[in-house]
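# Fold and contact review
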Amino acid sequence: MRQEYRWCLLLFVGCVMISTTSAETPLPLTAKAWRTERLEVFPELKRLPEWSPSLSVFALAHAQDLIRRGVISHRDAQGRDVAQRAGEAGLPPGEYGEVVGAGPLWQKIWQAWRNSPEHRELLLEARWQAWGGAVVRDGNVLVCVIDEYRSHK
């Protein structure tokens, strides 16, 4: 299987092992870069939720955890999902959504999300109030996490 397709498939399989060969490096992507990419990949979006630095830090912690453990999963090492992790991190109560992906290029991860009905639906959901994202590199692998939030109101 060609390398570029193998990583896109990781988006759809939980707990897939990633070969880690070097130290993790967070990529310093700006909120503007995230917004631009999301609107380019999903031009049908009417509006974006507000960018949240706290959700970006939260997403970064999960991306780093996934790199360290060598897996792609919505659950952390203790088995907690995004809502459970958010509560323990002191984020406000509400509903949380998350997309996770891995691949050689940031843009390929976005395209895989666009082509996945579940990821696409979450990223196009109009009722999200805030979102944040982070991407971490380990060798030739990027792990990208987007977390979204809306209050219960």
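For the structure given in this document, a descriptive report is provided here. (Residues numbered from 1 in each chain as written. Predicted model: local features only at pLDDT ≥ 70, side-chain atom pairs only at ≥ 80, totals over all residues. Heavy atoms only, no water.)

It is worth spelling out the nonpolar core at this point. Core analysis: the biggest nonpolar cluster contains 19 residues, and W34, W110, W113 and I146 have the highest contact counts within it. For this core, the secondary-structure elements that each account for two or more residues are α2 (31-41), α5 (106-115), α6 (117-124), β4 (130-138) and β5 (141-150). Among the elements that line this core, the one with the most residues is α5, at four residues. Counting residues in each nonpolar core, the second largest holds 13 residues, with I67, V71, V100 and V141 among its members. (Core = buried A, V, L, I, M, F, W, Y, C linked by side-chain atoms within 4.5 Å. Buried < 20%, exposed > 50% of the residue type's maximum accessible area, 1.4 Å probe, protein only. Helix = DSSP H or I, 4+ residues; strand = E, 2+ residues; numbered from the N terminus.)

Under the criterion given, the structure shown has ten salt bridges. In this structure, R69 engages D65 in a salt bridge whose closest nitrogen and oxygen atoms are separated by 3.0 Å. Within this pair, R69 and its partner D65 are both found in helix α3 (residues 53-69), separated by four residues, close to a single helical turn. The class for R69 is partly exposed, based on a relative accessible area of 28%. With its nearest N and O atoms 3.6 Å apart, the salt bridge here joins E125 to R150. With E125 in the loop between α6 and β4 and R150 in strand β5, this residue pair connects regions lying 25 residues apart in the sequence. (Salt bridge = Lys/Arg side-chain N within 4 Å of Asp/Glu carboxyl O.)

Here the focus is the environment of V135. Relative to the elements of secondary structure, V135 occurs in strand β4. Residue classification places V135 among the buried positions, given a relative accessible area of 1%. When the C-alpha atoms of V135 and I146 are compared, they prove to be 8.8 Å apart, with eleven residues separating the residues in sequence.

So, on to the packing of α5 against α6. The relative placement of two packed helices comes down to the angle between their axes together with the axis-to-axis distance. Where α5 meets α6, the closest approach of the two axes is 5 Å, and the angle between their N-to-C directions is 95°. Considering the angle they form, α5 stands roughly perpendicular to α6. Residue-level inspection shows W113, R114 and N115 of α5 in contact with α6, the latter providing P117, H119, R120 and L123. Looking at the contact of α5 with α6 residue by residue, the class counts come to three nonpolar, two polar and two charged. (Axes fitted to C-alpha atoms, helices over the stretch in contact; angles between N-to-C directions. Parallel < 35°, antiparallel > 145°, perpendicular 65-115°, else oblique. Contact = heavy atoms within 4.5 Å. Nonpolar A, V, L, I, M, F, W, Y, C, P; charged D, E, K, R; others polar.)

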